[in-house]
Amino acid sequence: MAFQPELSNADFEKHKNGLEHKTDLIRSRDLTIRRGQPFTVKLLFRCRDTEEKLENLNIIAQTGPHPKEQLRTQIKFPVYKLRDSRSWSAELISGNVTSLAISLCTAATASIGRYVLCLEGTYRGRALSFTLGNILLLFNPWCPDDDVFLDDEVQRQEYVMNEHGILYQGSKDFIQSQPWNFGQFEDGVGDICLKILDMSPNFLKNPSDDCARRGDPVYVSRIISTMINSNDDLGVLESCWDQFFRNGANPNTWNGSVTILRLWHRSNCRPVRYGQCWVLAGVMCTVMRFLGIPTRVVTNFESAHDTNCSLTVDEYYDETGRKIESAETDSVWNFHVWNECWMARKDLRPGYDGWQVLDATPQELSGGTFCCGPAPVKAVKEGDIDVDYDVPFVFAEVNGDIIHWIIQEHGMEKGNIDTLSIGKYISTKSVGSNSREDITDQYKYTEGSYQERAVYEKAVRKMKIQKPQTAKESVVALDFDVSLKLAESPLIGQTIFMLYQINNKSYESKRYSVNVSAQAMQYNGKPLDQFWTDDFIMDVNANRAADANFQIFSYQYQRYVRSGNNIRVTVLATDLVTKKLKFASKNIIFDMPGIEIQIYGSPELNKPLSVTLSFTNPFNDILSNCMMTAEGAGLLPSGPITVYMDQIFPYRSGYVKICCVPVKHGTQQLEVNFSCDKIKFVKGSALIAVPF
């Protein structure tokens, strides 16, 4: 016993292996690797007898609290020869009784998570065992045998390695960009991502089964979709669409995912208050990119929320044009943000690999929990609503119909049937730049085309919907049209100028009753206060169009417009003879003044960098309680900073200076948020290139 070898050091060569596995940015005590790819370990032993050597070497890898060979959470394999990435294998590079160099390769289908590695062998016929240490195993989009393999290095850099990005908000007419700090490689974020998996109901109920299934990206992505919201569990974010966000932060407060994840972890997994769709999607993107699944954030403008799988959304208005909140919960969101993750779908019939929709916003139950997806984008486009998971819901989001109903004294009148508005300008950040990429054609054929209509009818048939007369069918064409235009999105505080037109397509002059209305709306389609109306009579000659305009002043709307709200302007025209009516509406998103970001000097690794942030007051009033908040992965090692400012007088600029210290090479993004008493959550960003 006195002469048997003792393990004195296990060197997992973190720097070398990290570079090869694209995990060198992850700061962790343990080696982080990607599955299906070799890595090396060097072992040193203390042994008095150097003539003998260790023989019959085997590696044992264990994951989860109760490793079992039958579940493949405990794997034993010989140190013999490296094989392909479809199985665990190991090979001796060099060695004697005092040192060993071993090359190991994990299976490309192995469960992700933390593993304990052990070495078994014999010495002079005596069996010995050594605990080598821990490794963290991730999905590998660089490995062709991995279900998340993405055969494009530029896209892998964007959708796995990029720690910052752009989220899109606003409306289909006025698309706004919001910078976001994903920060998946920031200190501690990886441990939090694993904690999210370990706090899921599936793990808490049956940890052995859960760990055994973590090799399947479909399963893992569905778990993460459930855990980002807190509706069924100890998830990361509590959602709120209340205007006041009591006992929590307005979702517009957040500039990125890192602060949210750290708050959740530090609070012993109490949900962070509050998130809405873009916040949930941003946090989910962080987690999925860390785990190694290529992920991007996608925004759908004019997004339908169909609660009863009818592929239609009913909206109700009164005779003034005010939208009414009904007992039915269908709605049309100005925008809705979700994720797409890249993976093979071996659980489905062929043809559905590639981008999959995953949505962490708690809208409808899926399999008994609030999650959505993965829904193949290809299935959505082709109307294959019988494919898992949640394809009918996503199909309606991008290709449903809107039916307008006008509630009158004598009953309810059907207005316009809008077959064209749902699912506009589906957007994601472009690869390699901060420009917007329109991916609408990946979700549906050209709106109104024969192919798009055929796909819709196919979906209706598969869902066995008894289609009401009001859906996707021709109706008797009215002999007049109404349109409503806004020349440009006004700056908050400015007058809104609207132009509407009634086009009389008949062969006789017509008289119309016109009601115009403005009310505050939440971006998810929930109506708030109506604050302005007008009505009048309008005569239009035969085969002619008549224009008129109106104005809404800032004193009329300003107290109704809170952060995240918009204004819905409607025009309701009624033919006074036939009593037929036409409806037009426009969502107004206010433009925001920008933040100017000035960088002084040349960025260098670990060298202070001076940055000035300034904001110009566009109002004729003094701005008080002004402050700037900044954060950025690789730029502010201590986390977000907040700087309070002096008052800013009308049309003057206020500024603050901050100091960044770049700690990572490459292009980094500084995200900035300005707020004051009259305007909140103005966003800005700047890219900072740190040379290698």
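Quick caveat, the model's predicted, so the values are computed rather than measured.

**Comments concerning the sheet that holds strand β25 (residues 436-438)**
Turning to step 1, where the next piece is worked out: Strand order in the open sheet formed by six strands is β21-β18-β17-β14-β24-β25, and the pairing between neighbours is antiparallel. Only two strands of the sheet have a single neighbouring strand rather than two, namely β21 (375-376) and β25.
Turning to step 2, where the next piece is worked out: Across ten bridges, the pairing between strand β14 (residues 295-305) and strand β17 (residues 331-343) is antiparallel. Paired with T295 across the two strands is C341, which belongs to β17.
Turning to step 3, where the next piece is worked out: The sheet contacts of helix α8 (residues 277-291) involve β14, β17 and β18 (354-358), and relative to β17 the element is tilted by about 5 degrees.

**Concerning the packing of helix α6 (residues 217-228) against α8**
Turning to step 1, where the next piece is worked out: Look at α6 against α8: their axes get within 10 Å of each other, and the N-to-C directions meet at 145 degrees. In this structure, α6 meets α8 at a crossing whose hand is right-handed. Residues V220, S221, I224, S225 and I228 of α6 lie in contact with α8, whose contacting residues are L280, V283, M284, V287, M288 and L291.
Turning to step 2, where the next piece is worked out: Partitioned by chemical class, the residues of the contact of α6 with α8 number nine nonpolar, two polar and no charged.

**A closer look at the pattern of salt bridges**
Turning to step 1, where the next piece is worked out: Applying the stated criterion across every chain, the model contains 41 salt bridges.
Turning to step 2, where the next piece is worked out: Where D30 meets R29, a salt bridge forms, and the shortest distance between an N and an O atom there is 3.9 Å.
Turning to step 3, where the next piece is worked out: Salt bridges sharing partners connect three or more residues here, namely R349, D384, D386, K458 and K462.

**Examining helix α10 (residues 391-399)**
Turning to step 1, where the next piece is worked out: Summarising burial for α10: nine of the nine residues are buried, a large majority.
Turning to step 2, where the next piece is worked out: Every buried residue of α10 is listed here: V391, P392, F393, V394, F395, A396, E397, V398 and N399.

**A closer look at the environment of L636**
Turning to step 1, where the next piece is worked out: Along the chain, the position of L636 falls in the loop between β35 (627-631) and β36 (641-644).
Turning to step 2, where the next piece is worked out: Look at L636 and you get buried, because its relative accessible area is 7%.
Turning to step 3, where the next piece is worked out: For the pair L636 and P662, spaced 26 residues apart in the sequence, the C-alpha separation amounts to 7.1 Å.
Turning to step 4, where the next piece is worked out: Setting aside its immediate chain neighbours within four residues, L636 contacts A630, E631, I641, C659, C660 and L670.

**A closer look at the confidence of the model for the protein chain**
Reading fine detail from the predicted coordinates is not recommended where pLDDT is low.
Turning to step 1, where the next piece is worked out: Here the protein chain averages 92 in pLDDT, and 97% of its residues register 70 or above.
Turning to step 2, where the next piece is worked out: Every residue in residues 468-476 scores below 50 in pLDDT, and together they form 19 contacts with partners more than four places removed in sequence or on other chains.

**Describing empty space enclosed by the protein**
Turning to step 1, where the next piece is worked out: Inspection of every chain in the model, using the stated rule, returns two cavities of 30 Å³ or more.
Turning to step 2, where the next piece is worked out: Within this model, the largest cavity holds a volume of roughly 70 Å³.
Turning to step 3, where the next piece is worked out: Lining the largest cavity are E158, Y159, G165, I166, F182, R289, R296, V297, T428 and K429.
Turning to step 4, where the next piece is worked out: The set of elements that each furnish at least two residues to the lining of the largest cavity consists of α2 (153-161), β10 (164-170), β14 and β24 (424-429).
Turning to step 5, where the next piece is worked out: Taken together, the residues that form the lining of the largest cavity break down as four nonpolar, two polar and four charged.
Turning to step 6, where the next piece is worked out: Computed from the structure, the second largest cavity encloses a volume of approximately 40 Å³.
Turning to step 7, where the next piece is worked out: When contributions to the lining of the second largest cavity are tallied by element, the ones reaching two or more residues are α9 (377-382), α10 and α12 (450-463).
Turning to step 8, where the next piece is worked out: For the lining of the second largest cavity, the leading source of residues is α10, giving three residues.
Turning to step 9, where the next piece is worked out: Of the residues that constitute the lining of the second largest cavity, the class distribution is six nonpolar, one polar and three charged.

**Looking at the packing of aromatic side chains**
Any pair of aromatic rings gets described here by the distance separating the centres and the angle formed by the planes.
Turning to step 1, where the next piece is worked out: Inspection of every chain in the model, using the stated rule, returns 22 aromatic pairs.
Turning to step 2, where the next piece is worked out: Between F480 and Y512, the ring centres sit 4.9 Å apart and the planes meet at 45 degrees, which makes this aromatic pair tilted. Placement of F480 in strand β26 (residues 480-486) and of Y512 in strand β28 (residues 510-522) is noted, with a sequence separation of 32 residues between them. Each member of the pair, F480 as well as Y512, carries the same accessibility label: buried.
Turning to step 3, where the next piece is worked out: Here the aromatic rings of W532 and F550 are separated by 5.2 Å at their centres, their planes lie at 25 degrees, and the arrangement is stacked. Of the two residues, W532 is situated in strand β29 (residues 527-540) and F550 in strand β30 (residues 544-552); the sequence distance between them amounts to 18 residues.
Turning to step 4, where the next piece is worked out: Taken together, the aromatic side chains of W241, W278, W333, F335 and Y523 make up a single cluster linked through ring pairs.
Turning to step 5, where the next piece is worked out: Directly above the aromatic system of Y389 lies the positively charged group of R222, at a separation of 4.2 Å from the ring centroid.
Turning to step 6, where the next piece is worked out: Seen from the ring of W355, R296 lies directly overhead, with NZ or CZ sitting 4.2 Å from the centre.

Analysis parameters
- Residues numbered from 1 in each chain as written.
- Predicted model: local features only at pLDDT ≥ 70, side-chain atom pairs only at ≥ 80, totals over all residues.
- Heavy atoms only, no water.
- Pairing = 2+ DSSP bridges.
- Helix = DSSP H or I, 4+ residues; strand = E, 2+ residues; numbered from the N terminus.
- Contact = heavy atoms within 4.5 Å.
- Axes fitted to C-alpha atoms, helices over the stretch in contact; angles between N-to-C directions.
- Left-handed = near helix turned anticlockwise from the far one by under 90°.
- Nonpolar A, V, L, I, M, F, W, Y, C, P; charged D, E, K, R; others polar.
- Salt bridge = Lys/Arg side-chain N within 4 Å of Asp/Glu carboxyl O.
- Buried < 20%, exposed > 50% of the residue type's maximum accessible area, 1.4 Å probe, protein only.
- pLDDT = per-residue confidence, 0-100.
- 1 Å grid on protein atoms, 1.4 Å probe; cavity = no way out; pocket = protein on both sides within 12 Å on 5 of 7 lines; lining within 4 Å.
- Points joined across faces, edges and corners; volume = space filled by probe spheres on them.
- Phe/Tyr/Trp six-rings, centres within 6.5 Å; stacked < 30°, edge-to-face > 60°.
- Lys NZ or Arg CZ within 6 Å of the ring centre and 35° of its normal.

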